[in-house]
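Residues per chain are reported as follows:
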Amino acid sequence: MRWGCHLPRASWSPGLGRVLQPADERIPFLIHWSWPLKGERPLGSPRAFIRHNGSSVGNGPSCGRHGQLFRGIAASEALQRHRHNLAEWFSRLPREERQFGPTFALDTVHVDPVIRESTPDELLRPLAELALERQPPSAGLPPLALSQLFDPDACGRRVQTVVLYGTVGTGKSTLVRKMVLDWCYGRLPAFELLIPFSCEDLSSLGPAPASLCQLVAQRYTALKEVLPLMAAAGSRLLFVLHGLEHLNLNFSLASTGLCSDPEKPEAPAAIITNLLRKYMLPEASILVTTRPSAIGRIPSKYVGRYGEICGFSDTNLQKLYFQLRFNQPDCGPGAGGVSVTPAQRDHLVQMLTRNLEGHHQIAAACFLPSYCWLVCATLHFLHAPTPAGQTLTSIYTSFLRLNFSGEMLDSTDPSKLSLMAYAARTMGKLAYEGVSSRKTYFSEEDVRGCLEAGVQTEEEFQLLRVFRRDALRFFLAPCVEPGHAGTFVFTVPAMQEYLAALYIVLGLRKTTLQRVGKEVAELVGRVGEDVSLVLGIMAKLLPLRALPLLFNLLKVVPRVFGRVVGKSREAVAQAMVLEMFREEDYYNDDVLDQIGASILGVEGPRRHPDEPPDDEVFELFPMFMGGLLSAHNRAVLAQLGCPIKTLDALENAQAIKKKLGKLGRQVLPPSELLDHLFFHYEFQNQRFSAEVLGSLRQLNLAGVRMTPLKCTVVAAVLGSGRHALDEVNLASCQLDPAGLRTLTPVFLRARKLGLQLNSLGPEACRDLRDLLLHDQCQVTTLRLSNNPLMAAGVALLLEGLAGNTSLKHLSLLHTGLGDEGLELLAAQLDRNQQLQELNVAYNGAGDTAALALAKAAWKHPSLELLHLYFNELSSECRQALRDLGSTAEGGARVVVSLTEGTAVSEYWSVILGEVQRNLNSWDRSRVRRHLELLLRDLEDNRGATLNPWRKAQLLRVEGEVRALLEQLGGPGS
């Protein structure tokens with residue numbers, strides 16, 4: 001997972017609208033575009049459009065002015081309704097876009113991709129073998145703006161038909177949707193009427209005859225009244241034909257006859273052909289979008305201008321896209337009140353911009369606008385409130401649905417093979433071989449070997465040619481890193497791991513034994529019953545003892561093959577689990593931090609080019625395998641033509657659970673433990689997780705930066721469990737109050753809870769109070785040391801202590817309580833009758849407050865131990881506290897020094913251990929002063945005792961104190 005993840009491209013990803021809606025929502029004729037909820041967006045004063053380079057915005061007439069043709073009241077009202085309906089329709093966003101918040105809209109953040117004019121000669125020129133290199137721009141043909149598409153050509157001739165083509169991911173669908181919205185809001189004044197058609201919708205009608213007027217009236221009922229005026233509209237009528245690759249056009253007169261009557265019923269393909277021939281409505285303007293492989297379906301003599309959509313070939317466009325996308329307001333506080341502040345958004349944009357400038361491979365990936373979308377979606381997932389049920393796998397699956405839903409590889413091929421299914425078979429094979437051999441760079445031979453594996457017939461070679469031209473650049477890109485010239489990498493490294501996982505769960509990885517065994521088993525299954533019946537009859541008529549044996553062997557063959565398949569699944573599960581628990585990866589960052597660093601870069605010095613690279617890490621591969629087996633992702637993959645059978649998913653899950661049960665019991669470092677939990681989060685199967693994690697008793701995530709997403713992951717996976725957790729250690733995790741609220745279900749299962757070193761303030765104590773008062777709370781030990789709780793926080797904690805019956809050990813070491821905090825504890829300590837140990841050391845308390853708390857502890861019925869060392873106590877106070885402890889019969893012991901009288905305190909190692917652990921976080925001069933006092937006390941007691949055993953113990957402790965003083969830079973004596 002090298003530079004790691006792909007982010008979303010605002011709402012412009014070429015496939016953004018190509019979302020297959022549920023059956024009750026799907027409207028076929030705009031299946032390539034997304035639409036809004038009913039009444040979601042009125043047609044009124046349009047939003048301010050922010051456009052870059054080539055905006056179709058103009059100072060044209062407003063929505064209410066329609067020129068001379070539609071000046072009549074009825075026609076004007078019909079056109080206004082048409083604009084309103086189109087605007088509402090094309091403004092609607094797919095579910096994947098709505099995650100960015102209810103205020104997000106396409107027209108607020110659109111950045112036009114670069115459109116390069118090309119010539120028929122260029123289109124006839126053979127492409128490079130792998131069709132991965134970007135073509136250099138033609139001399140004398142500058143980039144085109146949307147407003148220039150229908151300008152006269154270089155010879156001054158009028159342009160009536162424009163063909164825009166681009167590979168998957170360059171932004172064709174988004175560009176069309178944006179152009180329609182421009183027209184709806186009066187920003188395309190050159191056209192009085194715009195009629196968009198989805199060629200996928202038209203192809204679904206088959207050869208059923210219908211006239212052009214019928215096709216328009218069925219889809220746009222508001223235009224029924226103005227249909228007679230279409231012929232008179234001339235060039236001010238614009239047809240938009242999106243996705244021409246879905247239509248199989250034939251321009252020969254023998255196949256498609258001439259027709260000029262818009263009211264004559266013909267096959268939809270014939271109507272489109274005659275429109276493009278300029279035989280029907282010859283003055284109308286036509287805009288066509290298509291994939292490169294289908295450009296030749298329209299003879300060049302019918303095309304006035306070709307334009308290649310080149311995506312964001314300029315890094316400045318990528319930066320502008322990200323700035324506009326991240327400046328959108330969030331959808332509000334998420335779970336626990338989490339939201340991204342403007343300062344955090346600015347920081348993300350700055351880091352991403354810096355990485356784009358210094359890391360050329362991520363800039364090469366963001367050349368495709370759809371990958372800009374993926375980058376944004378991933379960062380949104382990592383840093384913004386996470387919608388319920390959203391996972392990293394679901395983001396990648398949705399990303400592929402936005403780009404490939406409904407896409408066939410070649411509409412002219414009888415197999416009607418899904419483009420995504422073909423990519424899973426070819427690119428998945430390359431990705432899995434890379435993961436297996438732990439490499440991310442591929443030679444041309446590697447790529448060609450996976451693409452051409454098993455290709456034998458002319459039809460298969462044709463499908464391969466289409467895939468190379470239309471989609472190969474979506475998955476692979478030339479490597480631009482130094483030292484890897486001539487190699488290829490997956491456009492984003494995480495896509496390699498996703499496709500490798502998809503290749504496995506689809507069952508596409510088969511050994512020779514499996515392929516042969518399957519064919520034999522199917523053959524035996526087809527004829528087995530008939531043969532068994534014949535053998536049974538012969539066995540009764542003839543005394544042939546071998547026939548029953550042969551009869552039983554026929555039944556065994558399918559079972560043997562089933563065992564072979566089962567062993568294969570176990571092998572895959574074993575490889576996945578081993579990848580998850582590789583010891584070489586034990587001390588790297590958790591996988592979520594790796595994803596963020598791969599996108600945003602790593603703050604600090606860059607690796608020197610001469611340093612040997614780290615071993616490739618593929619920790620996302622097992623996460624994606626689990627995620628792809630979830631019910632939601634399987635449903636989406638089925639829409640893409642990549643169905644995963646429920647039985648296969650269950651058998652794979654059983655194999656994974658068996659292997660996880662064996663290897664998952666080992667104690668893992670914190671980052672690896674979080675990766676393990678993230679795997680379960682991606683899988684989205686509570687029953688599976690409960691069975692596998694049933695043996696987990698200690699949750700040690702100390703040192704892991706607990707972002708809101710990580711808190712959500714831990715709470716989702718462990719919050720619903722039933723067994724108690726012996727210990728939950730979240731020390732030094734940068735937790736905040738929102739994180740505490742998210743993790744409350746996990747805390748309720750914990751017996752020991754460690755929250756040290758988290759900068760938790762008084763506001764966090766509200767959540768801790770609620771935790772202690774919860775009727776299911778079973779926390780017996782609560783460690784809150786090194787958090788600035790202050791006296792205000794302790795007041796809230798005391799409210800929780802008053803109603804809690806489980807807590808026995810409470811550490812408030814170095815929490816800034818001061819005299820006020822200790823006095824509050826002294827006054828209200830008796831409200832809790834179960835507490836056994838209280839640590840308020842190093843809190844800057846003086847003599848009066850310390851003595852008051854010690855007396856309250858002495859009277860407490862259950863308190864056994866009170867820690868007061870490292871407070872600002874005088875020698876007289878320390879002596880008084882020692883005397884109080886020595887006279888207390890059954891009362892709490894007070895630990896205030898390393899000595900008790902002339903002997904070493906039995907808690908000396910506890911005190912020095914706390915100092916050693918916190919040496920780097922505490923005030924060094926203050927700690928040095930306290931240690932010097934303790935050292936002086938040890939020396940005085942050593943001189944006052946004659947017992948050689950005590951002297952030896954005191955000398956040993958003196959040595960430990962001097963060693964700490966040397967670490968602090970003190971004199972050591």
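Predicted, not measured: the structure shown is a model, and the values here were computed from it.

Examining the overall build of the chain
Helix and strand counts for the chain come out as 37 helices and 19 strands. Here the chain holds 973 residues, and 56% of them are scored as buried. Relative to all contacts within the chain whose residues are 6 or more apart in sequence, the contacts with residues 24 or more apart total 81%. If you sum the accessible surface of the chain, you get close to 40,300 Å²; carbon and sulfur atoms cover 53% of it.

Structural notes on the packing of helix H14 (residues 392-404) against helix H23 (residues 620-628)
If you want to describe how two helices pack, look at the angle between their axes and the distance between the axes. Their axes nearest at 9 Å, the elements H14 and H23 cross at an angle of 75°. Between H14 and H23, the crossing angle belongs to the class labelled roughly perpendicular. Residues Leu392, Thr393, Tyr396 and Thr397 of H14 lie in contact with H23, whose contacting residues are Leu620, Met623, Phe624, Gly627 and Leu628. By residue class, the composition of the contact of H14 with H23 is 6 nonpolar, 3 polar and no charged.

Structural notes on a nonpolar patch on the surface
On the surface, Leu253, Leu258 and Tyr279 cluster together into a nonpolar patch covering about 310 Å² of accessible area. For Tyr279, the position within the fold is in the loop between helix H9 (268-276) and strand E6 (285-290).

What to know about the sheet that holds strand E14 (residues 809-811)
Sheet strands associate in pairs through backbone hydrogen bonding, adopting either a parallel or an antiparallel arrangement. The sheet built from 8 strands is open, its strands ordered E10-E11-E12-E13-E14-E15-E16-E17 with parallel pairing. Every interior strand has two partners, whereas the edge strands, strand E10 (698-700) and strand E17 (893-895), have only one. Pairs of neighbouring strands in the sheet enclose a mean axial angle of 10°, with direction left out of account. In the sheet, strand E16 (residues 865-867) pairs with E17 via 3 bridges, with the strands oriented parallel. Bridge pairing links Leu865 to Arg893 in E17.

Regarding the packing of aromatic side chains
What the rule picks out here adds up to 29 aromatic pairs. Ring centres of Phe467 and Phe475 lie 6.3 Å apart, and the angle between their planes is 20°; on these two criteria the pair is classed as stacked. Accessibility classification places Phe467 together with Phe475 in one group, the buried group. Connected via pairs of aromatic rings, a cluster forms that spans Tyr371, Trp373, Phe399, Phe404, Tyr422, Phe467, Phe474 and Phe475.

Section: the pairing of strand E12 (residues 750-754)
Pairing of strand E11 (residues 725-729) with E12 involves 4 bridges; the strand directions are parallel. Residue pairing across strands places Asn729 opposite Gly754, the latter belonging to E12. One crossover worth recording links E11 to the parallel E12 by way of helix H29 (residues 737-747), and it is right-handed. Sheet analysis places E12 next to strand E13 (residues 781-783), joined by 3 bridges and oriented parallel. Residue pairing across strands places Lys752 opposite Thr781, the latter belonging to E13. Running through helix H30 (residues 762-773), the crossover from E12 to the neighbouring parallel element E13 is right-handed.

Quick notes on the side chain of Arg749
Here Arg749 lies in the loop between H29 and E12. It turns out Arg749 is buried and unbridged, and the closest side chain with the opposite charge, Asp726, is 9.7 Å from it. Side-chain polar atoms of Arg749 contact the backbone oxygen of Leu718, separated by 2.3 Å. Dropping the residues within four chain positions of it, Arg749 is found in contact with Leu718, Gly719, Gly721, Arg722, His723, Ala724, Leu725 and Gln778.

Brief notes about the confidence of the model for the chain
Residues of the chain with pLDDT of at least 70 account for 78%, and the chain-wide mean is 81. A low-confidence stretch, residues 4-67 (pLDDT under 50), is modelled with 262 contacts involving residues beyond four sequence positions or located in other chains. In this model, residues 331-337 is a region of pLDDT below 50 whose contacts with residues beyond four sequence positions or in other chains number 12 contacts.

Things to note about helix H35 (residues 908-917)
Those residues of H35 that sit buried are Trp908, Ile911, Leu912, Gly913, Glu914 and Val915. For H35, the elements touching its buried residues are E17, strand E19 (903-904), helix H36 (924-944) and helix H37 (948-967).

Here's the deal with the pattern of salt bridges
It is possible for side chains bearing opposite charge to pair when their charged atoms get close. Tallying each qualifying case throughout the model produces 37 salt bridges. For Asp153, the salt bridge identified is with Arg157, shortest N-O distance 3.1 Å. With its nearest N and O atoms 3.6 Å apart, the salt bridge here joins Arg687 to Glu691. Of this pair, Arg687 and Glu691 both sit in helix H27 (residues 686-692), 4 residues apart, roughly one helical turn. Each of the salt bridges in this network shares a partner with another, and the network as a whole consists of Glu444, Arg448, Glu452 and Arg468.

Here we look at the nonpolar core
Within the largest apolar cluster, 180 residues are counted, with the highest numbers of intra-cluster contacts made by Phe467, Leu755, Leu812 and Leu838. In terms of residue count, the dominant contributor to this core is helix H15 (residues 419-436) (11 residues). In contact with Leu812, not counting residues within four places along its chain, are Leu784, Leu789, Val794, Leu797, Leu817, Leu825, Leu838, Asn839, Val840, Ala841 and Asn843. In terms of nonpolar packing, the next biggest core, distinct from the first, is built from 71 residues, Ala78, Leu194, Phe197 and Val226 among them.

Remarks on H9
Most of H9 is tucked away, with 8 of its 9 residues classed as buried. Check the buried side of H9 and you find it contacts strand E3 (161-165), helix H6 (199-204), helix H7 (212-219), strand E5 (237-242) and E6. Lys278, located one to two residues past H9, shows a positive phi value of around 65°.

What to know about the pairing of strand E7 (residues 305-309)
When you tally the buried positions in E7, you get 5 out of 5 residues, the bulk of the element. Of the pairings in the sheet, the one linking strand E1 (residues 115-118) to E7 comprises 4 bridges and is antiparallel in character. The residue of E7 that forms the bridge with Ser118 is Tyr306. As paired elements, E3 and E7 share 4 bridges and run parallel to each other. Within E7, the residue paired with Val163 across the bridge is Tyr306.

Focus on the environment of Val957
Structurally, Val957 can be placed in helix H37. A residue is classified by how much of its surface remains accessible, and Val957, at 1% relative accessible area, is buried. A C-alpha to C-alpha distance of 8.6 Å links Val957 and Ser909, two positions 48 residues apart in sequence. With residues near it in sequence (within four places) discarded, Val957 still touches Leu898, Val904, Trp908, Leu912 and Leu938.

A few points about the sheet that holds strand E2 (residues 143-144)
Spatial strand order, E2-E1-E7-E3-E6-E5-E4: 7 strands in an open sheet with mixed pairing. Each of the sheet's edge strands pairs with one partner strand only, and the pair in question is E2 and strand E4 (193-198). The sheet contact formed by E5 and E6 spans 5 bridges and is parallel. Among the inter-strand pairings, Leu238 is bridged to a residue of E6, identified as Ser285.

Some thoughts on the packing of helix H11 (residues 342-358) against helix H22 (residues 591-600)
One can describe the packing of H11 onto H22 by two numbers: an axis separation of 7 Å at closest approach and a directional angle of 65°. Where H11 approaches H22, its residues Leu348, Met351, Leu352 and Asn355 are matched on the opposing element by Ser598, Ile599 and Leu600. Each residue belonging to the contact of H11 with H22 can be placed in one class, and the counts come to 5 nonpolar, 2 polar and no charged.

A look at the environment of Thr386
Within the fold, Thr386 resides in the loop between helix H13 (369-383) and H14. In sequence terms Thr386 and Thr712 are 326 residues apart; their C-alpha atoms lie 8.0 Å from each other. Apart from residues lying up to four places away in sequence, Thr386 is in contact with Phe381, Tyr681 and Leu709.

Parameters at a glance
Residues numbered from 1 in each chain as written. Predicted model: local features only at pLDDT ≥ 70, side-chain atom pairs only at ≥ 80, totals over all residues. Heavy atoms only, no water. Helix = DSSP H or I, 4+ residues; strand = E, 2+ residues; numbered from the N terminus. Buried < 20%, exposed > 50% of the residue type's maximum accessible area, 1.4 Å probe, protein only. Contact = heavy atoms within 4.5 Å. Areas by Shrake-Rupley, 256 points an atom, 1.4 Å probe, with all protein chains shown as cover. Axes fitted to C-alpha atoms, helices over the stretch in contact; angles between N-to-C directions. Parallel < 35°, antiparallel > 145°, perpendicular 65-115°, else oblique. Nonpolar A, V, L, I, M, F, W, Y, C, P; charged D, E, K, R; others polar. Patch = residues over 30% accessible without salt bridge, like charges linked within 9 Å, V, L, I, M, F, W, Y side chains within 5 Å. Salt bridge = Lys/Arg side-chain N within 4 Å of Asp/Glu carboxyl O. Pairing = 2+ DSSP bridges. Phe/Tyr/Trp six-rings, centres within 6.5 Å; stacked < 30°, edge-to-face > 60°. Right-handed = clockwise from strand over helix to strand, strands pointing away. Lys, Arg positive; Asp, Glu negative; His and termini not counted. Polar contact = N/O pair within 3.5 Å; in protein donor to acceptor, adjacent residues only side chain to side chain. pLDDT = per-residue confidence, 0-100. Core = buried A, V, L, I, M, F, W, Y, C linked by side-chain atoms within 4.5 Å.

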